[in-house]
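For reference, the chains in residue letters:
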Amino acid sequence: MAKPKAKKGEGSKALIRKFLLANMGRVLSWEEIREASGNVEQWSRRLRELRDEEGYQILSHHDRADLKPGQYLMETDVQLPA
């Protein structure tokens, strides 16, 4: 698992974005994403912001039947309009 290094002053959303981009195409657990965020409580909110505000296509079990609850997948880095 590739875990990008945090830069000084970098927020949890930026850390999650880097982690997802570094692990594109790989099914990730919520635990891995939370750890990559710096173990912040609001990691799931930051994930939703990446989807809803920045247009990243981050899939969950709601989007694909082969994903279990708590699993996420970023297949592409193409951003859709928010």
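A.B. asks: Help me understand the packing of aromatic side chains, please; the structure alone is not making it clear to me.
C.D. replies: A ring pair, where both rings are aromatic, is described by two values, the distance of the centres and the angle of the planes. Within the structure shown, the criterion is met by 2 aromatic pairs. Taken together through their ring pairs, the aromatic side chains of Trp-30, Trp-43 and Tyr-72 make up a single cluster.

A.B. asks: Would you take a moment to explain the sheet that holds strand β2 (residues 56–59) for this structure?
C.D. replies: Two orientations exist for strands paired in a sheet by backbone hydrogen bonds: parallel and antiparallel. The 3 strands lie next to each other as β1-β3-β2, forming an open sheet whose pairing is antiparallel. Here the strands that pair on one side only, and so sit at the sheet edges, are β1 (28–29) and β2. Looking at chain direction, β1 and strand β3 (residues 71–79) are connected through 2 bridges and run antiparallel. The residue of β3 that forms the bridge with Ser-29 is Gln-71. Across the sheet, helix α3 (residues 43–52) lies against β2 and β3, angled at about 130 degrees from β2, the strand it touches most.

A.B. asks: Quick question: what am I supposed to make of α3 here?
C.D. replies: Along an α-helix, residues three or four apart share an orientation, since each turn contains 3.6 residues. Among the residues of α3, those classed as buried are Trp-43, Leu-47, Glu-49 and Leu-50. Seen from one end, α3 has its buried residues packed into an arc of 155 degrees, which puts them on one side.

A.B. asks: Please explain the pattern of salt bridges as it appears in this structure.
C.D. replies: Two side chains of opposite charge can pair, provided their charged atoms sit close to one another. This model, assessed by the stated rule, comprises 9 salt bridges. Across the salt bridge formed by Arg-46 and Glu-49, the nearest N and O atoms sit 2.8 Å from each other. Of this pair, Arg-46 and Glu-49 both sit in helix α3, 3 residues apart, which is roughly one turn of the helix. In this structure Arg-46 comes out as partly exposed when scored by relative accessible area, which is 21%.

A.B. asks: What am I meant to see in the environment of Lys-18 here?
C.D. replies: Relative to the assigned elements, Lys-18 resides in helix α1 (residues 12–22). Distance in space between the C-alpha atoms of Lys-18 and Ser-37 is 9.7 Å, their sequence separation being 19 residues.

Reading guide: rules and limits
- Residues numbered from 1 in each chain as written.
- Predicted model: local features only at pLDDT ≥ 70, side-chain atom pairs only at ≥ 80, totals over all residues.
- Heavy atoms only, no water.
- Phe/Tyr/Trp six-rings, centres within 6.5 Å; stacked < 30°, edge-to-face > 60°.
- Pairing = 2+ DSSP bridges.
- Helix = DSSP H or I, 4+ residues; strand = E, 2+ residues; numbered from the N terminus.
- Contact = heavy atoms within 4.5 Å.
- Axes fitted to C-alpha atoms, helices over the stretch in contact; angles between N-to-C directions.
- Buried < 20%, exposed > 50% of the residue type's maximum accessible area, 1.4 Å probe, protein only.
- Arc of directions from axis to C-beta.
- Salt bridge = Lys/Arg side-chain N within 4 Å of Asp/Glu carboxyl O.

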